[in-house]
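Geometric and topological summary
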Amino acid sequence: MPAPSHLDPRLLRAFLAVAEELHFTRAAARLYVAQQALSRDVRRLERELGAELFVRSTRQVTLTADGERLLPYARRVLRAQDELLAAFGQARPLLVDLNYRGAATARRVLHRARELAPDHELMARYESGLTGAAEELLAGRLDTSFGRFAGLDPVLRARLEHQPVRYEPMAVVLPEDHRLAALDAVPLAALAGETVYAGAGNPRTPEWTDLARRLFDGRGIEIAPPVPLAVGEEEFERIMAKMRQPILAVVDFPAMPRTVLRPLVDPVPLSPVSLVWRKGLVHPGFDALRRAAAELSAEEAWLKVPTDGWVPVIDSDVMPAGDRRKG
């Protein structure tokens, strides 16, 4: 069969989605199309190229040798198309998940990226946690998120990429009449005997609960059992006021009524934060976001670990190395 004189970029986009997901249902959800339409586009591309691109079975989808050969070309063509559209002001918005509205690190990176790329639209989203956001990333309904990459399920990590951004010092939110509220900083040992809320039971934030479990292990601190899942800041504040338990947080956590925020010390626990995205992401605003994260990390020494800092051992494999107290 002679080589086609023209290829519809839509067909290449369908191919790329299936090649990265290796699953027609997930690829269709990512492109917001019916699975039948996606399959039709892939078959049309195979006919036009005169090559079988996928091996399909009831259990799995894999790339053929021709599919592997096409993959880098498809990525380059689609990247060029996105850049062309961006040059004429037609790029779609880059959807950036900040987790929650008060997330200072993610918000500062987004604001810097907007300054670096004023001609591109970078739009904030709030998905609560990285595990919850990961499913949206892989479905193509989000472009990037922030959070603890090592805390994700390995199956999710294998389909995502990340860039370390910051070690966020951790803190505790206390009722204003709590026995430790008068302290300027709370030693971890002082929390012994306390039950601390760390998102247990929230399906969108297990990476945070896992971080708390590693921090509290052997220190006599209990993780609070699940509470009714609160949606929105107002409901979260209401539930926490009702439970009256300390809350594990970071030092930039937004203020809550009738509470105080105190940094944790001896050691200083650190929450590793990365910029996370699905493999193969192409968008003209994405480079600005990565550059903004790198610039702020350098300017603010966000990736410097204090001598009394603590991070879990599991995070050492994915975050920059340095002298630290491991847990």
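Worth saying up front: this structure is predicted, and the values here are computed from it rather than measured.

Observations concerning the overall build of the protein
Tallying secondary structure elements over the protein gives 10 helices and 14 strands in all. Overall, the protein is about 80 × 45 × 40 Å in size when its C-alpha atoms are taken along their principal axes. Within the protein, contacts between residues at least 6 apart in sequence are counted, and of these 72% link residues at least 24 apart. Averaging the positions of the 44 positive and the 44 negative side-chain charges in the protein gives two centres separated by 4 Å.

Observations concerning the nonpolar core
With 22 residues, the main nonpolar core has Phe-15, Val-18, Leu-38, Leu-45 and Phe-54 as its most contacted residues. Secondary-structure elements contributing two or more residues to this core are α1 (9–21), α2 (24–31), α3 (35–49), β2 (61–63) and α4 (65–87). By residue number, the principal contributor to this core is α1, which donates eight residues.

Structural notes on helix α6 (residues 130–138)
Counting buried positions along α6 yields eight of nine residues, so the element is predominantly enclosed. Among all positions of α6, only Leu-130, Thr-131, Gly-132, Ala-133, Ala-134, Glu-136, Leu-137 and Leu-138 are buried. Two residues or fewer past α6, Gly-140 is found with a positive phi of approximately 80°.

Quick notes on unusual backbone geometry
Across the junction of Asp-266 and Pro-267, the peptide omega takes the value -5°, indicating a cis bond. Even without being a glycine, Asn-99 presents a positive backbone phi close to 80°. By secondary structure assignment, the location of Asn-99 is in the loop between β3 (94–97) and α5 (104–116). Here Ser-128, not a glycine, exhibits a phi torsion of approximately 80°, which is positive. Considering the arrangement of structural elements, one finds Ser-128 in the loop between β4 (122–125) and α6. Using a relative accessible area of 36% as the deciding quantity, one classes Ser-128 as partly exposed.

Regarding the side chain of Ser-297
With respect to the helices, strands and loops of the structure, Ser-297 is situated in helix α10 (residues 284–299). In this view, Ser-297 contacts Pro-164, Val-165, Trp-302 and Leu-303; residues no more than four positions away in its chain are not counted.

Overview of the confidence of the model for the protein
Predicted confidence across the protein gives a mean pLDDT of 88, with 92% of residues reaching 70 or more. Mean pLDDT values over the elements of the protein span from 49, in strand β14 (residues 325–326), up to 98, in strand β7 (residues 186–187).

Focus: α3
Helix length check: α3 (15 residues) gives 21 Å between terminal C-alpha atoms against 21 Å at 1.5 Å per residue, within 8%. What α3 keeps buried is the set Leu-38, Ser-39, Asp-41, Val-42, Leu-45 and Glu-46. One face of α3 carries all of its buried residues, which in axial projection span an arc of 160°. Structural note: α3 exposes Gln-36 and Arg-47 on the side pointing more than 90 degrees away from its buried face. After α3 finishes, the residue Gly-50 shows a positive phi value of roughly 65°.

Let's talk about the packing of α1 against α3
One way to put it is that α1 packs onto α3 with a least axis distance of 9 Å and a crossing angle of 110°. With respect to their mutual orientation, α1 and α3 come out roughly perpendicular. By crossing handedness, the relation of α1 to α3 is classed as left-handed. Listed contacts from α3 to Arg-10, Leu-11, Leu-12, Ala-14, Phe-15 and Val-18 of α1 are Leu-38, Asp-41, Val-42, Arg-44, Leu-45 and Glu-48. In terms of residue class, the contact of α1 with α3 is built from eight nonpolar, no polar and four charged.

Observations concerning the packing of aromatic side chains
In the structure shown here, the tally under the stated rule is four aromatic pairs. Ring geometry for Phe-24 and Phe-54: centres 6.1 Å apart, planes at 70°, overall edge-to-face. Here Phe-24 is found in helix α2, whereas its partner Phe-54 is found in strand β1 (residues 54–56), with 30 residues between them in sequence. As far as burial versus exposure is concerned, Phe-24 and Phe-54 are alike and both buried. Their ring planes at 65° and their centres at 4.9 Å tell us that Trp-277 and Phe-286 sit as a pair that is edge-to-face. Among the residues examined, Trp-277 registers a relative accessible area of 4% and is labelled buried. Judged by relative accessible area, Phe-286 falls into the buried class, the value being 5%. Each member of the aromatic cluster is reached from another via a ring pair, and the members are Phe-15, Phe-24 and Phe-54. One residue, Arg-101, lies across the ring of Tyr-126, its end atom 4.3 Å from the ring centre.

Parameters at a glance
- Residues numbered from 1 in each chain as written.
- Predicted model: local features only at pLDDT ≥ 70, side-chain atom pairs only at ≥ 80, totals over all residues.
- Heavy atoms only, no water.
- Helix = DSSP H or I, 4+ residues; strand = E, 2+ residues; numbered from the N terminus.
- Contact = heavy atoms within 4.5 Å.
- Lys, Arg positive; Asp, Glu negative; His and termini not counted.
- Charge placed at Lys NZ, Arg CZ, Asp CG, Glu CD.
- Core = buried A, V, L, I, M, F, W, Y, C linked by side-chain atoms within 4.5 Å.
- Buried < 20%, exposed > 50% of the residue type's maximum accessible area, 1.4 Å probe, protein only.
- pLDDT = per-residue confidence, 0-100.
- Expected span 1.5 Å × (residues − 1).
- Arc of directions from axis to C-beta.
- Axes fitted to C-alpha atoms, helices over the stretch in contact; angles between N-to-C directions.
- Parallel < 35°, antiparallel > 145°, perpendicular 65-115°, else oblique.
- Left-handed = near helix turned anticlockwise from the far one by under 90°.
- Nonpolar A, V, L, I, M, F, W, Y, C, P; charged D, E, K, R; others polar.
- Phe/Tyr/Trp six-rings, centres within 6.5 Å; stacked < 30°, edge-to-face > 60°.
- Lys NZ or Arg CZ within 6 Å of the ring centre and 35° of its normal.

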